[in-house]
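Single-letter residue listing:
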Amino acid sequence: MAENRASVYTGGYPEGYPEGVPCWVDAQLPDVDAGRRFYGELFGWTFEDATASSVWARRDGAVVAALAHKTDGRMPTVWTVYFATPDAAATTRRIRAAGGQVVMAPFPVDGLGTAALAADPEGAVFGLWQAGPPPGGHSGFGVRHTPGTFAWAQLYARDTEAANTFYGHLFHEALFGPGAQPDFGRAPVGDVFADVMPPHFLVHFGVRDCEAAVGAVTRLGGRVQAGPFDASYGTVAVVTDNQGASFALLQR
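Described below are features of the structure shown in this document. Just so you know, these numbers come straight off a predicted model, no measurement behind them.

Let's talk about the sheet that holds strand 13 (residues 234-240)
And step 1. The six strands lie next to each other as 10-9-11-14-13-12, forming an open sheet whose pairing is mixed. Since the sheet does not close on itself, it has two edges, and those belong to strand 10 (184-188) and strand 12 (223-231), each with one partner. Across the sheet, the mean angle from the axis of one strand to that of its neighbour is 25°, orientation sign disregarded.
And step 2. The sheet contact formed by strand 9 (residues 150-157) and strand 11 (residues 200-206) spans six bridges and is antiparallel. Note that in strand 11 the partner of Ala153 across the bridge is Val203.
And step 3. Lying over the sheet, helix 2 (residues 32-43) contacts strand 11, strand 13 and strand 14 (246-251), oriented at roughly 10° with respect to strand 14.
And step 4. Strands in contact with helix 4 (residues 160-170) are strand 9, strand 10 and strand 11; relative to strand 10, the strand with the most contacts, it is inclined by about 155°.

Here's what the structure looks like:
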């Protein structure tokens, strides 16, 4: 089983995801079974137990996301994007030095790797993922950029220049290095949301037909927050699932 996991966790990078590349997403939900029904219907995901409190979602056999049970009802119901790092402890030190905060210090995850949660200087929360060694280590997405899989992460910030400085320093090669093809954009909060909305990351999943996917979301008990609208990277609709976790649908 470990060998099979390792073989699909390359996501187009035979040696694993480089530092600063979005490599994984998960949702913290009050009801994982309800999440399985919602996302299974919406994206065609199948599921398998990953840990005692979470399940992995697969699309055409490849891992694409995780759904986890919230252990504390005060925690937000939210999708989180994780950026790859070769050394989570060193990256959290750099985050602090640049004015960010460490929400959860690096911690091991069932032999799969090391995770951490951090916030940028404006308070937008994101994850870090340091893959564990093979054969059992989890590198991240087995497939992306296809319908029903991760397609983009958009940071809605108050000050996009400050965000470019912070993340450009943290993940320079992935964002601005030679040949970089980032899956990570920055935009003002007011472009889509009310100005009072706090800065945050919005995970985007690919769809073939944005209008049809929006219809499926509402039919499954979710709701539409914005769109569909045209962005520089495609047609986007911002939605929430039937438990309140926000995400976006992206038609390239």
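Additional details are given in the paragraphs that follow.
A short note on the packing of aromatic side chains
Given two aromatic rings, one states the distance between the centres and the angle between the planes to describe the pair.
And step 1. Inspection of the entire model under this criterion finds 29 aromatic pairs.
And step 2. Taking 6.4 Å as the distance between ring centres and 75° as the angle between the ring planes, the aromatic pair formed by Trp45 and Phe47 counts as edge-to-face. For the pair formed by Trp45 and Phe47, the shared burial category is buried.
And step 3. Relative to Phe184, the ring of Phe83 lies with its centre 5.3 Å away and its plane at 50°, an arrangement referred to as tilted. Linking Phe83 in strand 5 (residues 78-84) with Phe184 in strand 10, this pair joins segments that are 101 residues apart in sequence.
And step 4. Clustering of aromatic rings is evident, with ring pairs tying together Phe38, Tyr39, Phe43, Trp45, Phe47, Trp79, Phe205 and Phe247.
And step 5. A cation sits over an aromatic face here: Arg186 above Phe184, 4.9 Å from the ring centre.

Things to note about the side chain of Gln243
And step 1. Tracing the sequence through the fold places Gln243 in the loop between strand 13 and strand 14.
And step 2. For Gln243, a relative accessible area of 19% gives the class buried.
And step 3. For Gln243, the side chain forms a polar contact with the main-chain oxygen of Asp31, separated by 2.8 Å.
And step 4. For Gln243, the contacting residues outside a window of four places in its chain are Leu29, Pro30, Asp31, Ala34, Gly35 and Thr77.

A word on helix 3 (residues 88-97)
And step 1. Residues of helix 3 that are buried include every one of Ala88, Thr91, Thr92 and Ile95, and no others. Take helix 3 and look down its axis: the buried residues cluster within an arc of 100°, on one side only. Opposite the buried face of helix 3, by more than 90 degrees, sit the exposed residues Arg93 and Ala97.
And step 2. Capping the start of helix 3 is the job of one residue whose side-chain oxygen sits 3.2 Å from the backbone nitrogen of Ala89: Asp87.
And step 3. Just beyond helix 3, the residue with positive phi is Gly99, at close to 100°.

Quick word on the nonpolar core
Considering soluble globular proteins, one finds that nonpolar side chains tend to be buried as a cluster.
And step 1. Of all hydrophobic cores here, the largest spans 65 residues; its most connected members are Tyr39, Trp45, Trp79, Phe126, Tyr167, Phe247 and Leu249.
And step 2. Core analysis: the next-biggest nonpolar cluster, separate from the first, contains 13 residues, Tyr156, Ala187, Ala226 and Ala248 among them.

Some details on the pattern of salt bridges
And step 1. Inspection of the entire model under this criterion finds six salt bridges.
And step 2. Among the ionic pairs, Asp183 bridges to Arg144, the shortest N-O distance being 2.6 Å. Here Asp183, found in the loop between helix 5 (172-176) and strand 10, pairs with Arg144, found in the loop between strand 8 (125-131) and strand 9; they are 39 residues apart in sequence, far enough to count as distant.
And step 3. According to the relative accessible area criterion, Arg144 is buried, its value standing at 13%.

Comments concerning the sheet that holds strand 7 (residues 113-119)
And step 1. Pairing within the open sheet is mixed, and its eight strands lie in the order 2-3-4-1-5-8-7-6. A strand with exactly one partner marks an edge of an open sheet, and here the two such strands are strand 2 (46-51) and strand 6 (101-109). In this sheet, neighbouring strand axes are inclined to one another by 30° on average, regardless of whether the strands run parallel or antiparallel.
And step 2. Docked against the sheet, helix 2 engages strand 1 (22-29), strand 2, strand 3 (54-59), strand 4 (62-69) and strand 5, running at close to 150° with respect to strand 4.

About the thresholds
- Residues numbered from 1 in each chain as written.
- Predicted model: local features only at pLDDT ≥ 70, side-chain atom pairs only at ≥ 80, totals over all residues.
- Heavy atoms only, no water.
- Pairing = 2+ DSSP bridges.
- Helix = DSSP H or I, 4+ residues; strand = E, 2+ residues; numbered from the N terminus.
- Axes fitted to C-alpha atoms, helices over the stretch in contact; angles between N-to-C directions.
- Contact = heavy atoms within 4.5 Å.
- Phe/Tyr/Trp six-rings, centres within 6.5 Å; stacked < 30°, edge-to-face > 60°.
- Buried < 20%, exposed > 50% of the residue type's maximum accessible area, 1.4 Å probe, protein only.
- Lys NZ or Arg CZ within 6 Å of the ring centre and 35° of its normal.
- Polar contact = N/O pair within 3.5 Å; in protein donor to acceptor, adjacent residues only side chain to side chain.
- Arc of directions from axis to C-beta.
- Core = buried A, V, L, I, M, F, W, Y, C linked by side-chain atoms within 4.5 Å.
- Salt bridge = Lys/Arg side-chain N within 4 Å of Asp/Glu carboxyl O.

Such coordinate-based values are descriptive only and should not be taken to indicate function.
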